[in-house]
Every structure is written in structure tokens, then in C-alpha cells.
Amino acid sequence: MKIRTVFTKLFLTKPCRVWIISTLTLGNVFFISTPKNLADTLSSANPEIKANIETKSNPQTPTDPGVEKVEKIIYVNPQTGIDKPLTANSEAIAQGIPPQDSSQMPIVYQTISFAIAQATPGTIIQLAPGEYNAEKFPLVVKPGISLRGNESGKGKGVEIKGGGLYGNRVFARQNVGIIAQGNAKISGLTITNDNLGGIGIWIESGKPSILNNTFSGNKREGVFVTGKATPRIENNRFTKNHNSGVCITKKAGGEIRNNIFENTGFGISIGGNSTPVVSNNKIYSNRNGIVLTDFAKPQILLNNIENNSDYGVAILGQAEPDMQENTFVRNRKKDMFQSIPYSD
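The model shown is predicted, which means the values in this text are computed figures rather than measured ones.

Asks: Would you mind showing me how to read the overall build of the protein chain here?
Replies: When you go through the protein chain residue by residue, the secondary structure sums to four helices and 30 strands. Taking all 344 residues of the protein chain together, the buried fraction comes to 49%. By sequence separation, contacts in the protein chain at least 24 residues apart represent 45% of the contacts at least 6 residues apart. Total accessible area computed for the protein chain in this model is approximately 16,600 Å², and 52% of it derives from carbon and sulfur atoms.

In C-alpha cells, the structure reads:
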């Protein structure tokens, strides 16, 4: 109540023009324009709010290289949103709010597809809890766009379900839920593509960030990486995906760090000439923990690989991993298996 009282006083002070685009929920308030002394006041009242304050006079550039400076936030709610190109003012008038107060009204759309069409680089698309299955799949998250749900809960309650056909010159048509392009960021979602051959996220270029999500029940891979893409895949949970949690091939690279891979065919599969860094992951209770094929040369460092029903790491073809300080525990057939390449 103390924080809410402070807000009330600030709204009534004419020199402090405050634009609110979120509900008055502690820790989830975003100020797009406000004087610096107001930022200090709010920060002293609650330090957690400090990170959510932006000032036009001194905009802060995010340290995360995967996302550009925030320009606006678009909200999506599958229950209450409307897919119309509304402004905050027109939405407010429709709800009987005086125009002079309409800047306090957020714009809320019903579908992610429509929100993406309105987004420009630097936009955060914030998803409300709910199931998003009435989308135009695949969803294409363009460079500089952030698609965000419940990050602290790794997507709990924010579910994207489904996929659609995507034509790729190398792999022909694929069934894909989300395509991440450029430096897009996807975080805090539960992603399931239960269509035949369904892939959760497809990445073929750029350096997108895939953070704090849950990939569950995808009929093929949770994340498929190809081309020369170098994504950052970190702090996700991969469970009960049919083929692999993550598959990397061609000349792709990037980082796969601090994820959990469980109850999946292959936790991670790495092929082609790819060179990812795979570190600090927990890989357990899969058929095989990590499978390497072709000419892949990944770095596999500091992972816990245990209780996989076949092998902890299987090295096939002419793959040459750099393996350091991994922990192997109770992999049923063998911790490591390496085939001898055939030669004439």
C-alpha cells in the first residue's frame, strides 16, 4: 500500500508526467518516460523497480547483446485482447476513459501473430498467461524483437502450442512453431509442437537468444539450429521431446549453457561441421545424452551426464569433440562410446 500511495501522489503532481503501460503490480511496472529524480524516488522505495525504469533524457542500453534498446512494449492476452490496430487513446475512449488520461492505457492484442505484425526493432511482446494455439504458424520473431512470457517460471502458464509448414532450401518443408531471426530474444515460454515432425524453434541465421523456456512434447526437436547461426541457448528445460532437445548441424555454432535435458531421445545432437560450446548442462534420463556425428567439433565442458539408458556421449563418424571436466554417472551401457570411422 505504501508504494501505491507514492504512485497516487506522483500522478497528481503536474511537473511529473508519467506514462504507465502496465498494471500497478509491484515489480512489474514499466515507466517509459520520467525524470531522473522520480526514478530515484521509486528505486529508494523498492530497489526491484529500478531495473524497470527508463528515462528519455538518459536511456539505458541493455547489456544483453541479444536485444536492442527497448522502445515500446506490446501486450498480448488470448482471453481479453483485440486484434485491431488500436492506439492507447482509441482503446481508452472505447472504455469510457477521458482522452487526457488515455496514455495510461496499455494496448492489448489477442494473438502473437498480430502483435508481431505491429512490432518494430526494440519492441518487447509481453504475453499474459494462457494457451496460444490460434496463431498463424510458424511465428516469425524478427531481428530486434523480444517475445517474453514468464521468465522466472520458465514459461509456466504461458503456452505456445502448434506449428505450421516452413519451406527451407536445404531441408525442404518443415513443421515449425517459431522461427527466431537475427538477434531476436525468446524467453519465458512453454513451447510444444505436437504436429507430425514438429519442431519448437527453428534457427538458421543470426544470434538469437533462447532463455528460460520449457520445451516439452515436441514431436522432433525442441530447438533446431542450422546454417551459420550462433544462438545463445541458456537456462531452458527440455523434456519429453521425441528426437532431441537441441539439434545443431551444418556450420552452426553458438552456446548451449545451463540447460536441463531429460526424458528425451537424444539430449543434444550435434552434426555437420558445427562448432557449438556445450557447457554446464544437466543431461539425464535420456536414451543418449549427447550424440556427435559427421565432422562436428564442439567443446563439451563441465556437464553432468547421468542415468541415460544407452550412452552418456556417443561419438560417430569423424566428429572430434574437445571434452573437459564432464561428470559421468550411471549411464547404463557406457559413459562414452566412439565408433571407428570406416576407411578404404
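Now that the structure has been shown, the text picks up again.
Asks: It is not clear to me how the pattern of salt bridges should be interpreted in this structure. Could you clarify?
Replies: Between side chains of opposite charge, a pair can form when the charged atoms approach closely. For the coordinates displayed, the defined rule picks out eight salt bridges. A cluster of three or more residues bridged by salt bridges with shared partners is formed by E131, E159 and K161.

Asks: Please clarify how the sheet that holds strand β29 (residues 327–329) should be interpreted in this entry.
Replies: In sheet architecture, strand pairing relies on hydrogen bonds along the backbone and comes in two forms, parallel and antiparallel. The nine strands are arranged β4-β7-β11-β14-β17-β20-β23-β26-β29 in an open sheet whose pairing can be described as parallel. Of all strands in the sheet, those with a lone pairing partner are β4 (130–132) and β29, marking the two edges. Each strand axis lies, on average, 15° off the axis of its neighbour in the sheet, ignoring direction. Sheet topology note: the β4/strand β7 (residues 158–161) ladder contains three bridges and is parallel. The residue of β7 that forms the bridge with G130 is V158.

Asks: How should the environment of P78 be read in this particular structure?
Replies: Checked against the element boundaries, P78 lands in the loop between β1 (72–76) and α3 (88–94). In this structure, the C-alpha to C-alpha distance between P78 and P129, residues 51 residues apart in sequence, is 8.4 Å. Setting aside its immediate chain neighbours within four residues, P78 contacts Q110, P129, G130, E131 and Y132.

Asks: Explain the environment of I233 here, please?
Replies: Of note, I233 is situated in strand β16 (residues 232–234). Judged by its relative accessible area of 0%, I233 falls in the buried class. Spatially, the C-alpha atoms of I233 and E255 are 6.0 Å apart, while their sequence positions differ by 22 residues.

Asks: Which parts of the structure should I look at to understand the nonpolar core?
Replies: In globular proteins that are soluble, nonpolar side chains generally tend to be buried together. Core analysis: the largest hydrophobic core is formed by 50 residues, its most contacted members being L127, I160, I186, I201 and I290. Examining the composition of this core, we find that three residues originate from one element, helix α4 (residues 112–118), more than from any other. Every residue in contact with I201, bar those within four places of it in the chain, is listed here: I178, A180, I186, I191, I210, F215, G222, V223 and F224.

Asks: Is there a simple way to explain the packing of aromatic side chains in this structure?
Replies: Aromatic ring pairs are described here by two measures, namely the spacing of the ring centres and the angle between the planes. Throughout the structure, instances matching the rule amount to eight aromatic pairs. Centroid distance F171 to F224: 5.3 Å. Interplanar angle 85°. Geometry classified as edge-to-face. Residue F171 is located in the loop between β8 (164–168) and β9 (172–180), and its partner F224 is located in strand β15 (residues 221–225); the two are separated by 53 residues in the primary sequence. Residue classification places F171 among the partly exposed residues on the basis of a relative accessible area of 26%. Overall, F224 belongs to the buried group, its relative accessible area being 3%. Note on F238 and F261: the rings are 4.7 Å apart at their centroids and 5° apart in plane angle, and the pair reads as stacked.

Asks: Help me understand the pairing of β1, please; the structure alone is not making it clear to me.
Replies: On a regular strand, each side chain points to the face opposite its neighbour's, so the side chains alternate between the two faces of the sheet. Among the five residues of β1, four are classified as buried, and the element is accordingly described as predominantly covered. Strand direction decides the pairing type here: β1 and strand β3 (residues 123–127), joined by five bridges, are parallel. In the strand pairing of β3, I74 is matched with I125. Sheet analysis places β1 next to strand β2 (residues 108–109), joined by two bridges and oriented parallel. Each bridged residue has a counterpart across the sheet, and for V76 the counterpart in β2 is Y109.

Asks: Please clarify how the pairing of β15 should be interpreted in this entry.
Replies: Within β15, five of the five residues are buried, leaving the element largely enclosed by the surrounding structure. Inspection of the sheet shows β15 paired to strand β18 (residues 244–248) by four bridges, in the parallel sense. Opposite E221, over in β18, you have S244 as the bridge partner.

Asks: In this structure, what is going on with unusual backbone geometry? I would like to understand it.
Replies: In terms of backbone geometry, most residues other than glycine have negative phi values and most peptide bonds are trans. Between F137 and the following residue, P138, the backbone shows a cis peptide bond with an omega angle of -5°. As for its position among the elements, P138 is in the loop between β4 and β5 (139–141). Unusually for a residue other than glycine, N235 sits at a positive phi of about 60°. Tracing the sequence through the fold places N235 in the loop between β16 and β17 (237–239). Its identity as a non-glycine residue notwithstanding, L302 has a phi of 60°, on the positive side. Residue position: L302 is located in the loop between β25 (299–301) and β26 (304–306). We classify L302 as partly exposed; its relative accessible area is 41%.

Asks: Quick question: what am I supposed to make of the sheet that holds β16 here?
Replies: Pairing is parallel in the open sheet, where eleven strands are placed in the order β2-β1-β3-β6-β10-β13-β16-β19-β22-β25-β28. Bordering the open sheet on either side are β2 and β28 (322–324), each of which pairs with just one other strand. As paired strands, strand β6 (residues 146–148) and strand β10 (residues 185–187) are joined by three bridges and run parallel to one another. Bridging across to β10, L147 finds its partner in I186.

Rules and cut-offs
- Residues numbered from 1 in each chain as written.
- Predicted model: local features only at pLDDT ≥ 70, side-chain atom pairs only at ≥ 80, totals over all residues.
- Heavy atoms only, no water.
- Helix = DSSP H or I, 4+ residues; strand = E, 2+ residues; numbered from the N terminus.
- Buried < 20%, exposed > 50% of the residue type's maximum accessible area, 1.4 Å probe, protein only.
- Contact = heavy atoms within 4.5 Å.
- Areas by Shrake-Rupley, 256 points an atom, 1.4 Å probe, with all protein chains shown as cover.
- Salt bridge = Lys/Arg side-chain N within 4 Å of Asp/Glu carboxyl O.
- Pairing = 2+ DSSP bridges.
- Axes fitted to C-alpha atoms, helices over the stretch in contact; angles between N-to-C directions.
- Core = buried A, V, L, I, M, F, W, Y, C linked by side-chain atoms within 4.5 Å.
- Phe/Tyr/Trp six-rings, centres within 6.5 Å; stacked < 30°, edge-to-face > 60°.

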